[in-house]
Amino acid sequence: MTQPLKIGVLLSGSGTNLQALIDDIAAGTLNAEIVQVVSSRPDAYGIERAQAAGIPVLVMNKTLYADAEAADAQIVEALQAAGAEYIVMAGYMRKVTPVMLRAFPNRVLNLHPALLPSFKGAHAIRDAFEAGVKVTGVTVHFANEDYDKGPIVAQRAVEIAENDTLDTLEAKIHEVEHVLYPQAVQLIAEGRVSVDEESGRVHIK
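Thresholds applied
- Residues numbered from 1 in each chain as written.
- Predicted model: local features only at pLDDT ≥ 70, side-chain atom pairs only at ≥ 80, totals over all residues.
- Heavy atoms only, no water.
- UniProt positions renumbered as here; feature names shortened; annotations may be inferred.
- Helix = DSSP H or I, 4+ residues; strand = E, 2+ residues; numbered from the N terminus.
- Expected span 1.5 Å × (residues − 1).
- Buried < 20%, exposed > 50% of the residue type's maximum accessible area, 1.4 Å probe, protein only.
- Arc of directions from axis to C-beta.
- Contact = heavy atoms within 4.5 Å.
- Axes fitted to C-alpha atoms, helices over the stretch in contact; angles between N-to-C directions.
- Parallel < 35°, antiparallel > 145°, perpendicular 65-115°, else oblique.
- Left-handed = near helix turned anticlockwise from the far one by under 90°.
- Nonpolar A, V, L, I, M, F, W, Y, C, P; charged D, E, K, R; others polar.
- Core = buried A, V, L, I, M, F, W, Y, C linked by side-chain atoms within 4.5 Å.
- Pairing = 2+ DSSP bridges.

The chain goes by Phosphoribosylglycinamide formyltransferase in an unreviewed UniProt entry, where it is assigned to Slackia isoflavoniconvertens. Reading the Sequence similarities (unreviewed entry) entry of the UniProt record for the chain gives the comment "Belongs to the GART family."

Further remarks concern helix α3 (residues 68-82). Compared with the 21 Å implied by 1.5 Å per residue over 15 residues, the 21 Å span of α3 between its first and last C-alpha is a close match. All buried positions along α3 are accounted for by A71, D72, I75, V76, A78 and L79. Angularly, the buried residues of α3 cover 165 degrees about the axis, an arc narrow enough to put them on a single face. Exposed side chains of α3 directed beyond 90 degrees from the buried face belong to E77 and A81. Packed against the buried residues of α3 are β1 (5-11), β2 (32-39), β3 (57-59), β4 (86-89) and α4 (98-103). G83 sits one or two positions beyond α3 and adopts a positive phi of about 90 degrees.

The omega angle of the peptide bond from L116 to P117 is 15 degrees, so this bond is cis rather than trans. Locating P117 in the fold gives a position in the loop between β5 (108-112) and α5 (124-131). Of note in this structure, N106 is not a glycine but carries a positive phi near 50 degrees. Looking at the element boundaries, N106 is found in the loop between α4 and β5.

What follows deals with the packing of helix α1 (residues 16-27) against helix α6 (residues 166-189). Relative orientation of the contacting elements α1 and α6 amounts to 55 degrees, with a least axis distance of 9 Å. Considering their axes alone, α1 and α6 lie oblique with respect to each other. In the packing of α1 onto α6, the handedness of the crossing is right-handed. Across the interface between the two elements, T16, N17, A20, L21 and D24 from α1 touch E177, H178, Y181, P182 and V185 from α6. Of the residues that constitute the contact of α1 with α6, the class distribution is five nonpolar, three polar and two charged.

Here the focus is the UniProt feature "active site" (unreviewed entry) in the chain. Mapped onto this numbering, the UniProt entry annotates "active site" (unreviewed entry) at H112. Here H112 lies in strand β5. In this structure H112 touches S118, F119, K120, G121, A124, G137, V138, T139, H141 and D148, once residues within four positions along its chain are discounted.

Glancing now at the nonpolar core. Judged by nonpolar contacts, the single largest core of 40 residues is most densely connected at I7, V9, I34, V140 and V153. In terms of residue count, the dominant contributor to this core is α6 (10 residues). When near neighbours in sequence (up to four residues on either side) are disregarded, V140 contacts L109, N110, L111, I152, V153, A154, L180, Y181 and A184. Listed in part, the 21 residues of the second largest apolar core include I75, Y92, V96 and A143.

Closest axis-to-axis distance for the α5/α6 pair is 10 Å, and the angle between their directions is 125 degrees. It follows from the interaxial angle that α5 and α6 lie oblique. Regarding α5 and α6, the two cross each other, and that crossing is right-handed. Residue-level inspection shows I125, R126 and F129 of α5 in contact with α6, the latter providing L166, L169, E170, I173 and H174. Looking at the contact of α5 with α6 residue by residue, the class counts come to five nonpolar, one polar and two charged.

Attention shifts here to the sheet that holds strand β7 (residues 152-159). Spatially, the seven strands line up as an open sheet ordered β3-β2-β1-β4-β5-β6-β7, and their pairing is mixed. In the strand order of this sheet, the two ends are held by β3 and β7, each with one partner. With strand direction ignored, the average angle separating the axes of adjacent strands in the sheet is 20 degrees. Of the pairings in the sheet, the one linking β4 to β5 comprises two bridges and is parallel in character. Across the sheet, residue V88 finds its bridge partner in β5, namely L109. The sheet strands contacting α3 are β1, β2, β3 and β4, and the helix crosses β2 at an angle near 155 degrees. Along the sheet, α6 makes contact with β1, β4, β5, β6 (135-142) and β7, crossing β7 at roughly 155 degrees.

Written out as structure tokens, the structure is:
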């Protein structure tokens with residue numbers, strides 16, 4: 001067994017994807033260690049999930065993000081001090097700046113609730129539902145300076161049934177997220193993921 005991949009998790013809300021990572025680590029299906037959690041909001045429930053698992057938490061707030069690059073510098077300092085090798089964004093509602101992207105090049109992982117490049121942005125589930133598409137899904141990708149356009153690591157389709165509502169579709173999307181995200185992190189932990197600098201494509205060994 002190789003050494004666990006050390007990751008930092010960024011969140012802004014309930015932290016269900018953080019919990020999925022914690023649970024898979026505990027089950028032995030994800031060879032990783034969460035060394036630091038960062039919350040962009042002091043009232044995020046994800047903070048309690050992290051604390052319950054004994055994970056250190058850096059709590060940010062709206063005032064600190066007034067200078068986004070200074071905020072990211074503070075976050076990067078905490079993550080590097082904790083030994084994080086990769087950053088995993090799990091419902092993090094702040095756009096990362098070049099400060100973080102330079103510190104962790106092609107090592108900032110993001111989860112998007114649609115099949116990129118379709119339905120970018122903060123309302124992807126609703127946008128797909130209202131567009132009437134029959135299939136949407138989940139994308140795991142590396143963040144870069146182009147919003148929702150970074151190299152794609154993994155995707156999984158989710159069918160939209162005739163009787164789906166926005167609420168039931170959201171539940172289906174989240175269910176897939178909680179499986180796909182830990183699997184994508186495990187691929188990285190196994191050293192199987194590389195990014196072709198020329199094409200920007202991800203290759204899985």
